[in-house]
Amino acid sequence: MIECRHLGKRYPGGHEALLDINLSVARGELAFLTGHSGAGKSTLLKLIALLERPTRGSLRVNGHEVARLPAAAVPGYRRHIGIIFQDHRLLADRNVFENVALPLRITGMAEPQVAKRVRAALDKVGLLGREDSRPAALSAGQQQRVGIARAIVNRPAILLADEPTGNLDPDLSREIMRLFLDFNRVGVTAIIATHDHALIDEFGHRRLHLEGGRLVEDRQP
Amino acid sequence: MSRRLDPRPALRRRLQLHRQALRQALANLRAAPLPNLFTLLAIAVALALPTGTWLALHSLGDLGGRFNPREIDVFLQPDRDDAAARRLADSIAARPDVAEVTVIGRAQALAEFRAASGLGEALDLLPDNPLPAVLVVRPAATVDSPERLAALAAELGRLAGVDAVEGHHAWVQKVYALLRSLQRLSVVVASLFALLVALVIYIVLRVEVLERRQEIEVSKLVGADDAFVRRPFLYNALFTGLGGALLGLGLVALAFAALDGPLRAVAALYDSPLQLRLPLGFALRLLLAAGALSVAAAWLALALLLRRIRP
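Just so it is clear, the structure is predicted and the values come from calculations on it, not from any experiment. (Residues numbered from 1 in each chain as written. Chains lettered and ligands numbered in written order. Predicted model: local features only at pLDDT ≥ 70, side-chain atom pairs only at ≥ 80, totals over all residues.)

Novice: I keep staring at the interface of chain A and chain B and nothing clicks. Help me out?
Specialist: A common measure of how large an interface is: the accessible area buried when the components associate. Contacts between the two partners involve 14 residues from chain A and, on the opposite side, 16 residues from chain B. Every element with two or more residues in the side of chain A that touches chain B is listed here: helix H2 (74–78) and helix H3 (96–105) of chain A. (Contact = placed C-beta atoms within 7 Å. Helix = DSSP H or I, 4+ residues; strand = E, 2+ residues; numbered from the N terminus.)

Novice: How should the sheet that holds strand S4 (residues 162–167) of chain B be read in this particular structure?
Specialist: In sheet architecture, strand pairing relies on hydrogen bonds along the backbone and comes in two forms, parallel and antiparallel. Residues and elements named next belong to chain B. Within the open sheet, the four strands sit side by side as S2-S3-S1-S4. Their pairing is antiparallel. Strand pairing shows two members of the sheet lacking a second neighbour, strand S2 (98–104) and S4, which therefore form its edges. Across this sheet, the average inter-strand angle for adjacent strands is 20 degrees, counted without regard to direction. Relative to strand S3 (residues 134–139), strand S1 (residues 72–76) runs antiparallel, the two sharing four bridges. Residue pairing in the sheet places Ile72 in a bridge with Val137 of S3. Against the sheet, helix H3 (residues 82–93) touches S1, S2 and S3, its axis set at about 170 degrees to S2. (Pairing = 2+ DSSP bridges. Axes fitted to C-alpha atoms, helices over the stretch in contact; angles between N-to-C directions.)

Novice: When you look at the pairing of strand S4 (residues 56–61) of chain A in this model, what are you seeing that I'm missing?
Specialist: Regular strands show a simple pattern: their side chains alternate between the two faces of the sheet. All names here are of chain A. Pairing between strand S1 (residues 2–10) and S4: five bridges, direction antiparallel. Counterpart to Gly8 in the pairing with S4 is Arg56. Counting the residues that bridge the hairpin from S4 to strand S5 (residues 64–65) gives two residues, and of these Asn62 lies at a positive phi of roughly 55 degrees.

Novice: So what exactly am I meant to see when it comes to the environment of B:Leu251 here?
Specialist: Residues and elements named next belong to chain B. Within the secondary structure, Leu251 is located in helix H9 (residues 226–269). When the 18 C-beta atoms within 10 Å are taken as the criterion, Leu251 is described as partly exposed. Sequence spacing of Leu251 and Leu47 is 204 residues, and the spatial spacing of their C-alpha atoms is 9.6 Å. Setting aside residues no more than four positions away along its own chain, Leu251 makes contact with Ala44 and Ala48. (Buried ≥ 20, exposed ≤ 12 C-beta atoms within 10 Å, placed from the backbone.)

In short, the description is geometric, and any link to function would need to be established separately.
Now the structure itself:
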């Protein structure tokens, strides 16, 4: 599903964020991406989501080389990937429904279908009934669940999560992680970057450890 | 045999995207009514000034045409009697560039002068009628410019027996030249104001794009292309341009209504029905131009602004 060969990223100014990454994540697999701050976890996720372009190597997703995908094709590619951030990136001036509906409206989906899909996504994350709430009225855990609902509403093949439990207490973190496991069980490929070793140990799954931009450990559960 | 795809779902999606953008644009306008009103006013004033000036000059141009300045008075030498005047009138009337010639005999000229001047008793003291016969020449329709009118007058002045020629063409020519210069100036000013409208749209969009930066970033993050991001801004610009033009036309109409009375009074002195007009066709063209200009300015501005925003 995701295949990196000698993948590297050098930022303007010379900083080497990723060096010679070789890894493969199979369809329907869930992998944790670990490492200290600056190890390259976020950069790797950004490369897979094409938020950044690799400067070296090959990145194949679903059999297609995407590293040099034309700029006009990137939005379409991104619609097949669900992205979750530590800071949720929710729109403060829109309610929960509008936030979750955004990826569907981008595709020009008809409103009745949008409403059906949004409610289904909110149901999955346990927020059905909170459609009209503004993000500011929700707890941190609920906001993260809105972010997850937005990421999965388009039924993506790949979920990328960058420190999704970073601001949450252990109970909420476990709750969020169980959501990822649920999506993974229905075939969604997921890569989750996290610092939380206890959580990784508790859920056990493949662990990819980065240090100084290099993949230093690839441990199967 | 190649399989033809049904274009209807794609068309429906496109229409749905436009409906969304339209709703979003209206919501954005409603969200900040006062700043949007000021923008509309700025555009209205920028459009009303050159539009009003151009239309007023156009109406004055019409007024110039109504003064009947095309008649040429041909004064014969004092020794030419009325019979000679009629012969000359016949030869002038035969010209293809002359429509009509009216003869004012010497006696008629004196009678008219006596009635108009109130110098009856003084004129009685004169031993002879001092006034010459006059031919009033009305040029043909082919003499349709002040330059051709001046050329005809010059030719008539060179005819045997003609003492002097007097027409209104000289001052009409000056007035026309002045009006033409002012009309051209108003076109230049209109171009500058059009640039001003484009700048207003750019500044407004820049502020809006900065205010909605997070929304744009998130939209791109979840797969929005530039067209999706651009669409509500373009609708906004269209509404702003059309609204500003409508308001501008309203200002012009108000100004014309206020000036109409005094100008009619002035025109009445010249026996001319001057009217400041705001033709419907012109108003529609202005609306169309303002809308197109705003959308084009917005498109260019967004091409510059959105390039800098990455998710």
